[in-house]
Amino acid sequence: MKIMEEITGSEALMRALVHEGVKTIFGYPGGAIMPVYDSLYTYTRGEEKKFDFVLVRHEQAAAHAAQGFARVSGEVGVCIVTSGPGATNTLTGIADAMMDSTPIVVIAGQVGVGALGTDAFQEVDLVGAAQPISKWAYQIRRPEDVAWAVSRAFYIAKSGRPGPVVLDFPKNAQIHTTGWQPVDTTSVRSYNPYPKIKAEAVAEAAKLINSAKKPLALVGQGVELGNAQKELAEFLEKADIPAGRTLMGLSALPSNHPLNVGMLGMHGNYAPNMKTQECDVLIAIGMRFSDRVTGLISTYAKQAKIIHLDIDRAEIDKNVKTTVAVVGDCKKSLPRITELLDKASHKEWIDSFQHFYDMENEKVIEPAIHPKSGMLLMGEVVNAVAEATKGEAVLVNDVGQNQMMSSRYFKYHKNRSIVTSGGFGTMGFGLPAAVGATFGAPDRTICLFMGDGGFQMSIQELGTIMEQQAPVKMILLNNNYLGNVRQWQDMFFNHRQSFTKMLNPRYEEIAHAYHIPYDVATDRETLREKIEKMLATDGPYILECAIKEEDNVLPMTAPGKSVDEMMLTI
């Protein structure tokens, strides 16, 4: 009988993470996680080095950085923090990851098991707090459970519909010893991440599509999460189906693909939103019918037969009643449907989108990206960066007007090219997520668009960027407002701008303090030159752009309105 090596629970955690293939960890140390950080010391140095460790400046940033890493790499993001406030600071990132199906594992310290329930220093019921906003939350009370818990955590986080997992690690389990043996989890009882695809559903879906005169596909992030981009293109091309993309699914189909008809949703493109109310068969692929996509749900696509492909059975009929549900991994379900499709042409239907393209182009896009005079506009800055990066860069953005404008006008030619806080809409997400993206895709240019409000919510992460020399190209769209809230106040609250005007610091001096190259763009004559300089500079860079204060995001479907009531002007 082989005698197992006796090691501490902290050392077991390190070995378990190595066994899972982890290469990068984000985090912040503290008292209740100190034994883990002591073990981590060896694993980040010298010949024994196994991990890159990124010291963030706030625990929420650790979770967001892990998200950014996961979204561009397709791997599980990892962060390690301490107990109490360190753990609760990660909850926003955990909830964000849950809403956007991002696989991360958050490991937090905890007081020893003997002190649980005594209101010990920095004690909090993390499992209780995290359970509603995670796929799984578990407290590792014994060192002998570490390998099992870590293996299970990674399996749950990355399988099926991905999401966050939380491991609460009491101090006694970190310092006591156990025999070491790695664990590989291949299944969990009562958890079925890959439902069996029903042949009759596939056949029924194909039959509906073959009979359609005006089909429309809605492409969500599920295509990216399932690595089904190739299968999607083959499906669309065989049946000649135009496709709109959700915010989270923007890079699942290249911007220049002939069947790409634009972005869906409240601030999406005019054509796919209007045509949603005209199509006869609507095929939703890896998307959840968010309220930001559907608008007024009672009027949404009532004329259409709805086919919904999703790996998560809970999404079926949750918001929109389906005609046919194909539950399963779209990487497998799409080819099975494609095989049964007739080669089709829907030229007349696709050509009918042009009228709406032309209207939006004339009233919204051209004025936004090619203004004749006045201050810089958000759209023209984004368009200039998109043209300079030739669709090869990764877009990371914060939340607000900067998010909608950058998502609309950026170009996506590669998969996994957008990192955004879609479902939770977390201001402050952008800066730490961009740091994580530089580690998850070190060979790609990372362009971060942020507003002055969101930037200041996580501005301390400039310290992380300085220390890591993370090559984030930061484009600050500064309009001296909480712009999105200001736009809504102007539109729906009679221009009563209640606490949305921002008194901002001198960002140049802040950049100088963090030793980050900085420039400011105030006119369009030098904008492209300054963008080229930013992109040509090694390492991080801040380009502040002085934006027209009253610049608005259009088109827009107002709250409570149908998607075909989209406004092109205000």
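Predicted model only: the values in this text are computed from it and were never measured.

### With respect to the packing of aromatic side chains
One pass over the structure, following the stated rule, counts 16 aromatic pairs. Ring centres of Phe26 and Phe69 lie 6.2 Å apart, and the angle between their planes is 65 degrees; this geometry places the pair in the edge-to-face category. Residue Phe26 is found in strand E2 (residues 24–27), and its partner Phe69 is found in helix H3 (residues 59–73); the two are separated by 43 residues along the sequence. This pair shows no difference in class: Phe26 is buried, exactly as Phe69 is. On the basis of an interplanar angle of 90 degrees and a centroid distance of 6.1 Å, the ring pair of Tyr155 and Tyr191 is categorised as edge-to-face.

### A few points about helix H14 (residues 330–339)
Buried residues of H14: Cys330, Ser333, Leu334, Ile337 and Thr338, and no others. Within H14, the buried residues cover an arc of 135 degrees as seen down the axis, which keeps them to one side. Exposed positions of H14 whose direction lies more than 90 degrees from the buried face are Lys332 and Glu339. Buried-residue contacts for H14 involve helix H9 (199–211), helix H10 (222–225), helix H11 (229–239), strand E12 (281–285), strand E13 (305–310) and strand E14 (324–327). Where H14 begins, the capping side chain belongs to Asp329, and its oxygen is found 3.0 Å from the backbone nitrogen of Lys331.

### Digging into the side chain of Ser39
Structurally, the position occupied by Ser39 is in helix H2 (residues 34–43). Leave out the neighbours within four places in its chain, and Ser39 touches Thr8, Ser10, Glu11 and Met14.

### Here's the deal with the sheet that holds E12
As summarised here, the arrangement of the six strands in space is E11-E10-E9-E12-E13-E14, forming an open sheet in which the pairing is parallel. Bordering the open sheet on either side are strand E11 (260–263) and E14, each of which pairs with just one other strand. When strand polarity is set aside, the average angle formed by the axes of neighbouring strands in this sheet is 20 degrees. Note that strand E10 (residues 243–245) and E11 share three bridges and pair parallel. Following the sheet pairing, Arg245 is matched in E11 by Met263. Where H9 meets the sheet, its contacts fall on E12, E13 and E14, and the angle it forms with E14 comes to roughly 130 degrees.

About the thresholds
Residues numbered from 1 in each chain as written. Predicted model: local features only at pLDDT ≥ 70, side-chain atom pairs only at ≥ 80, totals over all residues. Heavy atoms only, no water. Phe/Tyr/Trp six-rings, centres within 6.5 Å; stacked < 30°, edge-to-face > 60°. Helix = DSSP H or I, 4+ residues; strand = E, 2+ residues; numbered from the N terminus. Buried < 20%, exposed > 50% of the residue type's maximum accessible area, 1.4 Å probe, protein only. Arc of directions from axis to C-beta. Contact = heavy atoms within 4.5 Å. Polar contact = N/O pair within 3.5 Å; in protein donor to acceptor, adjacent residues only side chain to side chain. Pairing = 2+ DSSP bridges. Axes fitted to C-alpha atoms, helices over the stretch in contact; angles between N-to-C directions.

Everything listed here is a matter of coordinates, which is why it stays silent on function.
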